[in-house]
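Residues per chain are reported as follows:
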Amino acid sequence: MSDWTPEIDRLQALDNTEWLKVETNYCGRLMAYVSRRVTDQQAREDILQETFLGSVRGIENFDRIFTFEQYLFGICRNRTIDYLRRRRSVGVGELADSSGSMPGMEHLAREEATPSGIVHVHDLAYQGNKLLINVLRDWVQETWQQGEFVRLMVIEALFLAGWRNRDTWARFELRDETAVAGIKFRALKRLRELAQRRDSSGEVIPALADVAGEETSHIDLDVSQAWELGRVSCPARTWLARKVSGNMLPGPQSFIDFHMEEIKCPKCCANYDDLLRVEESILEGVLERMQQSTVEYLRSQSIRDIKRSE
Ligand SMILES: [Zn+2]
């Protein structure tokens, strides 16, 4: 199970073949995402189609701090919410994901970029956030490589999910609350070092302020937002494939189970469903229809470009 990713340059050049490969590779996981939230099969297809067309329209402004998959999921989530709102079949509080209102998620779906959204890309806070995302990724990667999966889970629980020290201590059977505070303290210290390495101006450092002394204090909002927005702890799809085949060491297994079952990461759950192909019939004919409409759209775009240049 390879984790294919498209070449953004080719997508931006509206390359037919690359876009069709996008649909072949991502149709299943996006359908799995939508299927968890929308019951009507026609509506699911419509959402998927709007997602792919939206991704073509927005690709020019794609922000490479995100993965292409995140970009697609961002658009797909917005389209799903639009649909559910139109239907008014659910309350606003229970929209789409378990992950709450993802602040900043709109950046991923740049097709809806308003002028103010575009300005935002250039502002300092946004640049700082990008840096923070990379620093958090460095830390996750390092911790994963060290095989420190309990530490990774504890920090994900605190930073991403906003768990309290008390609950975190109980869940991971740590010695006491102080142990949680200690893990947090050391993680923040390491994050500051990593931040220093990436950016000596120290712009990100204030977001990584030492809050370990205050047992109840929450982590800085920027950090939790960057964790969420950057999906910094999501394992690669190959790891989810290993979970499906039951071929994993206990460490990564415990983290991935935690990430999916307790954090309920919508992107990883969708990928997992797709790999399991819980409902094989869902995809029948869908891909062909998606690809047809995309090809038509791309053709109409190139005709427009030709007309423009005339
Ligand atoms: Zn995930």
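These figures come from a predicted structure and were not determined experimentally.

Reading guide: rules and limits
- Sequence order sets the numbering: in each chain, residues are counted from 1 along the sequence as written.
- It should be noted that, the model being predicted, local features are given only for residues of pLDDT at least 70 and side-chain atom pairs only at 80 or more, the latter also being counted only at that level, while totals for whole chains, interfaces and linings use all residues.
- Excluded from the side-chain calculation are hydrogens and water; included are all heavy atoms of the structure.
- Think of a salt bridge as a Lys or Arg side-chain nitrogen and an Asp or Glu carboxyl oxygen that are within 4 Å of each other.
- Numbering of helices and strands starts at the N terminus; helices are DSSP runs of H or I of at least 4 residues and strands are runs of E of at least 2.
- When accessible area is computed with a 1.4 Å probe and restricted to protein chains, residues below 20% of their type maximum are described as buried, those above 50% as exposed, and intermediate ones as partly exposed.
- A contact between two residues is defined here by any heavy atoms of the two lying within 4.5 Å.
- Classification of ring pairs rests on two measures: the distance between centres of Phe, Tyr or Trp rings, Trp counted by its six-membered ring, which must be within 6.5 Å, and the angle between planes, read as stacked under 30 degrees, edge-to-face over 60 and tilted in between.
- Here, over-ring charges are defined by two tests on the NZ atom of lysine or the CZ atom of arginine: distance to the ring centre within 6 Å, and angle to the ring normal within 35 degrees.
- Lines fitted to C-alpha atoms define the axes here, with helix axes fitted over just the stretch in contact, and angles between the N-to-C directions of these axes take values from 0 to 180 degrees.
- Each angle receives one of four descriptions, namely roughly parallel if under 35 degrees, roughly antiparallel if over 145, roughly perpendicular if within 65 to 115, and oblique otherwise.
- The crossing is said to be left-handed when, going from far helix to near helix, the turn is anticlockwise and less than a right angle, and right-handed when the turn is clockwise.
- In this classification, Asp, Glu, Lys and Arg are treated as charged, Ala, Val, Leu, Ile, Met, Phe, Trp, Tyr, Cys and Pro as nonpolar, and every other residue, Gly included, as polar.
- Summary of the metric used: pLDDT quantifies the predictor's per-residue confidence within the range 0 to 100.

Asks: Got a minute to help me understand the pattern of salt bridges in this structure?
Replies: A side chain with one charge may pair with a side chain of the opposite charge, provided their charged atoms come close. On inspection of all chains with the given rule, the structure shows 22 salt bridges. Of the charged contacts in the structure, one is a salt bridge between arginine 151 and glutamate 148, with a shortest N-O distance of 3.7 Å. With a shortest N-O distance of 2.9 Å, arginine 237 and aspartate 274 are connected by a salt bridge. Of the two residues, arginine 237 sits in helix 11 (residues 237-245) while aspartate 274 sits in helix 13 (residues 266-276), which places them 37 residues apart along the sequence. Aspartate 274 shares its class with arginine 237; the two are buried.

Asks: Just checking my understanding: could you explain the side chain of glutamate 45 for this structure?
Replies: Note on placement: glutamate 45 falls in helix 3 (residues 41-58). Apart from residues lying up to four places away in sequence, glutamate 45 is in contact with Met31, Val286, Arg289 and Met290.

Asks: Mind showing me how you'd approach the packing of aromatic side chains here?
Replies: Any aromatic ring pair is given by two values, namely how distant the centres are and how the planes are angled relative to each other. Evaluation of the coordinates by the stated rule reveals 15 aromatic pairs. Between the aromatic rings of tryptophan 19 and phenylalanine 68, the centroid separation amounts to 6.3 Å while the plane-to-plane angle is 65°, which identifies the pairing as edge-to-face. With tryptophan 19 in helix 2 (residues 16-35) and phenylalanine 68 in helix 4 (residues 68-87), the pair connects residues that are 49 residues apart, well separated along the chain. A relative accessible area of 0% places tryptophan 19 in the buried class. Measuring from centroid to centroid gives 6.2 Å for phenylalanine 62 and phenylalanine 68, while their planes differ by 55°, and the two rings are tilted. The buried category is assigned to phenylalanine 62, whose relative accessible area is 10%. By relative accessible area, phenylalanine 68 is classed as buried at 4%. Each member of the aromatic cluster is reached from another via a ring pair, and the members are Trp4, Trp19, Tyr26, Phe62, Phe68 and Tyr71. Across the ring face of tyrosine 272, the terminal group of lysine 243 is positioned such that the distance to the ring centre comes to 5.2 Å.

Asks: Mind showing me how you'd approach the packing of helix 2 against helix 4 here?
Replies: The relative placement of two packed helices is expressed as an angle between their axes plus a distance between the axes. Put simply, helix 2 and helix 4 touch, their axes get as near as 11 Å, and they point 50° apart. One way to sum up the angle between helix 2 and helix 4 is to call them oblique. In the crossing of helix 2 with helix 4, the sense of the turn from one axis to the other is right-handed. Touching Trp19, Val22, Tyr26, Arg29, Leu30, Tyr33 and Val34 of helix 2 are Phe68, Glu69, Leu72, Phe73, Cys76, Arg77 and Thr80, all from helix 4. In terms of residue class, the contact of helix 2 with helix 4 is made up of 10 nonpolar, 1 polar and 3 charged.

Asks: What is the right way to look at the confidence of the model for the protein chain in this model?
Replies: Note that predicted coordinates carrying low pLDDT should not be read in detail. On average, residues of the protein chain carry a pLDDT of 81, and 77% of them reach 70 or more. Scored below 50 in pLDDT, residues 90-122 makes 61 contacts in the model with residues more than four places away or belonging to other chains. Here residues 211-218 scores under 50 on pLDDT; set against residues more than four positions off or in separate chains, the count is 12 contacts.

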